[in-house]
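Analysis of the macromolecular model
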Amino acid sequence: MASRYDRAITVFSPDGHLFQVEYAQEAVKKGSTAVGIRGTNIVVLGVEKKSVAKLQDERTVRKICALDDHVCMAFAGLTADARVVINKARVECQSHKLTVEDPVTVEYITRFIATLKQKYTQSNGRRPFGISALIVGFDDDGIPRLYQTDPSGTYHAWKANAIGRSAKTVREFLEKNYTEDAIAHDNEAIKLAIRALLEVVQSGGKNIELAIIRRNQPLKMFSAKEIELQVNEIEKEKEEAEKKKSKKTT
Amino acid sequence: MAATFFGEVVRTPCRAGTEDEEEEEEGRRETPEDREVRRQLARKREVRLFRRQTKTMLEVSLLEKHPCSKFIIAIGNNAVAFLSSFVMNSGTWEEVGCAKLWNEWCRTTDTAHLSPTEAFCVFYHLKSNPSVFGSCPRRNMQVTILTCRHVTDYKTSESTSSLHTPFLKALKTQNFKEPPFCSLLEQPNIVHDLPAAVLSYCQVWRIPAILYLCYTDVMKLDLITVEAFKPVLSSRSLKCLVKNIPQSTEILKKLMTTNEIQSNIYT
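Rules used throughout
- Residues numbered from 1 in each chain as written.
- Chains lettered and ligands numbered in written order.
- Predicted model: local features only at pLDDT ≥ 70, side-chain atom pairs only at ≥ 80, totals over all residues.
- Heavy atoms only, no water.
- Helix = DSSP H or I, 4+ residues; strand = E, 2+ residues; numbered from the N terminus.
- Rg over C-alpha atoms; globule rule 2.2 N^0.38 Å.
- Buried < 20%, exposed > 50% of the residue type's maximum accessible area, 1.4 Å probe, protein only.
- Contact = heavy atoms within 4.5 Å.
- Areas by Shrake-Rupley, 256 points an atom, 1.4 Å probe, with all protein chains shown as cover.
- Lys, Arg positive; Asp, Glu negative; His and termini not counted.
- Charge placed at Lys NZ, Arg CZ, Asp CG, Glu CD.
- Pairing = 2+ DSSP bridges.
- Axes fitted to C-alpha atoms, helices over the stretch in contact; angles between N-to-C directions.
- Buried area = accessible area lost by both parts, 1.4 Å probe.
- Salt bridge = Lys/Arg side-chain N within 4 Å of Asp/Glu carboxyl O.
- Polar contact = N/O pair within 3.5 Å; in protein donor to acceptor, adjacent residues only side chain to side chain.
- Nonpolar A, V, L, I, M, F, W, Y, C, P; charged D, E, K, R; others polar.
- pLDDT = per-residue confidence, 0-100.

As for the overall build of chain A
Within chain A, the secondary structure is distributed over eight helices and 10 strands. In terms of C-alpha radius of gyration, chain A reaches 19 Å, essentially the compact-globule figure of 18 Å for 250 residues. If you line up chain A on its principal axes, its C-alpha atoms span 65 × 50 × 40 Å. Within chain A, buried positions represent 47% of all 250 residues. Here the analysis covers contacts within chain A between residues at least 6 apart in sequence; of these, 61% occur between residues at least 24 apart. Here chain A has roughly 12900 Å² of accessible surface; of this, 50% comes from carbon and sulfur atoms. Here chain A contributes 40 positive and 34 negative side-chain charges, whose respective centroids are spaced 5 Å apart.

This is the structure in structure tokens:
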């Protein structure tokens with residue numbers, strides 16, 4: 001049945017599916033994992049870096065992009081689609097600032113991106129964007145936000161979420177380990193993001209990229225050394241926890 | 001009867017047979033030229049068994065030359081990576097032959113000289129344990145087949161978002177008495193291509209065989225998919241062949257990095 005109703009975006013199948021949108025969600029799963037966590041005073045975005053070819057300039061392969069000084073996003077899926085969406089969002093952020101003299105709220109820019117994506121699911125001759133995005137930032141009221149959008153054009157607020165390959169595994173890890181204590185301290189929120197990624201990242205800390213935004217501070221990208229430090233701390237904590245466990249059993 | 005998108009008329013298939021059968025047959029009727037082309041292509045199709053080191057042809061029946069009690073076949077890059085890192089890593093395996101084929105769907109145009117690097121299938125036997133290839137009659141042979149399939153092919157009444165990919169499903173012949181290491185493949189799911197052919201052959205010839213099918217959402221070489229085959233290591237066929245699991249995991253990681261294809265389409 002799918003083969004008759006999946007070639008045109010503007011056609012519903014008899015049981016109500018828009019197959020092109022569902023297939024676009026499969027394209028998202030081909031991108032590497034991205035995780036977002038909303039802490040009490042911090043928002044964290046962690047991504048699995050793709051290994052870069054020897055002759056390729058690493059700076060041009062970025063999964064985390066700033067949309068404005070106080071908002072940034074990570075995506076998973078088709079690189080070129082992401083570039084188009086990010087450019088449009090950045091222009092919208094500035095246009096909003098010039099028109100209304102206020103920076104965008106995280107919800108506003110998320111709604112803009114989601115509306116853009118939805119338009120492409122209802123247009124003749126166009127296909128949906130093959131990306132999901134995690135958008136984080138602080139509003140003027142100082143409240144941290146995390147939103148997720150998907151190719152269908154829906155968006156939801158989340159406390160913590162993951163997108164891309166193995167997103168389900170990471171989400172389950174977050175469901176088990178996201179507690180109010182865990183996110184109360186900035187460092188703990190950062191560690192939670194790294195631990196979630198280490199569940200699925202194939203070559204450890206070298207392939208992780210991390211960005212944070214603290215209240216009233218600009219976006220900060222972690223250097224490889226800083227990530228390595230965090231990973232070492234996490235491994236030490238793991239070892240100590242295991243030692244305690246083995247002591248208890250003996 | 002027909003759905004249209006962009007002015008395209010699509011004929012819906014009908015199980016009772018179409019009313020316009022005669023009209024369609026006229027359009028489909030083969031000319032003598034078509035038949036001749038088809039005959040020539042069929043003549044060109046070939047399957048050859050080689051010994052790679054000497055590049056000599058082997059006698060047709062490899063299993064008659066090397067009768068064995070355990071035959072393990074891996075189909076697809078993840079299954080092959082699993083077998084190479086976990087099973088073939090322990091002990092010395094000697095290559096006894098390789099099979100190459102050509103048919104009209106192959107991309108190479110040169111039929112006369114199939115190069116040694118284009119082997120379709122390579123056969124190995126365990127040097128240190130000749131009883132694995134002993135002189136047991138075919139009846140005592142046990143066959144294990146490992147393969148992968150994309151999870152979107154998996155039909156289930158459950159919601160697909162609740163599936164924990166990758167997961168294993170098994171299908172076995174009537175003569176296979178051991179319990180499988182995962183649940184059996186439920187209807188209406190079916191197995192396709194080479195794994196299905198091997199399993200059907202074993203069922204017809206009453207050879208005990210089991211097929212382990214891994215449903216995954218990453219068809220290219222992927223660590224998590226390969227590790228999904230690990231429960232199979234406890235089976236009777238593979239238990240004695242596997243020695244060093246931590247080393248195998250290291251070998252697997254190396255295999256991953258050497259095989260990584262650089263694609264910038266998805267990030």
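Anyway, onward from the coordinates.
Notes on the pairing of strand β3 (residues 64-68) of chain A
All names here are of chain A. By the criterion of burial, β3 is predominantly enclosed, with four of the five residues buried. Direction of pairing for β3 relative to strand β4 (residues 71-77): antiparallel, over a ladder of four bridges. Bridging from a neighbouring strand, D68 pairs with V71 of β4. Count of turn residues in the β3/β4 antiparallel hairpin: two residues.

Observations regarding the sheet that holds strand β10 (residues 209-216) of chain B
All names here are of chain B. The four strands are arranged β5-β8-β10-β9 in an open sheet whose pairing can be described as mixed. Edge positions in the open sheet fall to β5 (70-75) and β9 (167-172), since each of these has one partner strand only. On average, adjacent strands in this sheet sit at an angle of 20 degrees to one another, irrespective of strand direction. Judged from the six bridges that link them, β5 and strand β8 (residues 142-150) form a sheet pairing that is parallel. Across the sheet, K70 pairs through a bridge with Q142, a residue of β8. Across the sheet, helix α5 (residues 193-204) touches β5, β8, β9 and β10, and the angle it forms with β8 is around 155 degrees.

Observations regarding the interface of chain A and chain B
Taken together, the contacts link 27 residues of chain A with 25 residues of chain B. Taken together, both faces of the contact between chain A and chain B bury some 2200 Å²; the carbon and sulfur share is 53%. At the surface where chain A touches chain B, the tally comes to zero salt bridges. Summed over the shared surface of chain A and chain B, the result is six residue pairs in polar contact (both at pLDDT 80 or more). Looking at the side of chain A that touches chain B, the elements with two or more residues in it are α2 (19-28), β4 and α5 (167-177) of chain A. Per element, the largest residue contribution to the side of chain A that touches chain B is three residues, and it comes from β4(A). Residue classes in the side of chain A that touches chain B are distributed as nine nonpolar, nine polar and nine charged.

Digging into the pairing of β4(A)
Working note: regular strand, side chains alternate between the two faces of the sheet. Counting buried residues along β4(A), seven of its seven residues qualify, which places the element largely inside the surrounding structure. Neither face of β4(A) is open: one carries A:V71, A:M73, A:F75 and A:G77, the other A:C72, A:A74 and A:A76, and all of them are buried.

So, the pattern of salt bridges
Residues and elements named next belong to chain A. Following the criterion strictly, the structure yields 15 salt bridges over all chains and no others. Taking the shortest distance from any N to any O, the salt bridge between K97 and D68 comes out at 3.3 Å. Placement of K97 in helix α3 (residues 79-100) and of D68 in strand β3 is noted, with a sequence separation of 29 residues between them. Among the ionic pairs, D141 bridges to R145, the shortest N-O distance being 3.4 Å.

Some remarks on the confidence of the model for chain B
Residue and element names in this part refer to chain B. Taken as a whole, chain B shows an average pLDDT of 74; of its residues, 66% reach a score of 70 or greater. Least confident of the elements in chain B is helix α1 (residues 21-28), whose mean pLDDT is 55; most confident is β9, at 92. Overall, residues 110-118 carries pLDDT values under 50, and its contacts beyond four positions in sequence, including any with other chains, amount to 16 contacts. Contacts from residues 130-137, a stretch scored under 50 in pLDDT, to residues over four places away or in other chains number 16 contacts. Here the predicted complex scores 0.71 on pTM and 0.82 on ipTM.

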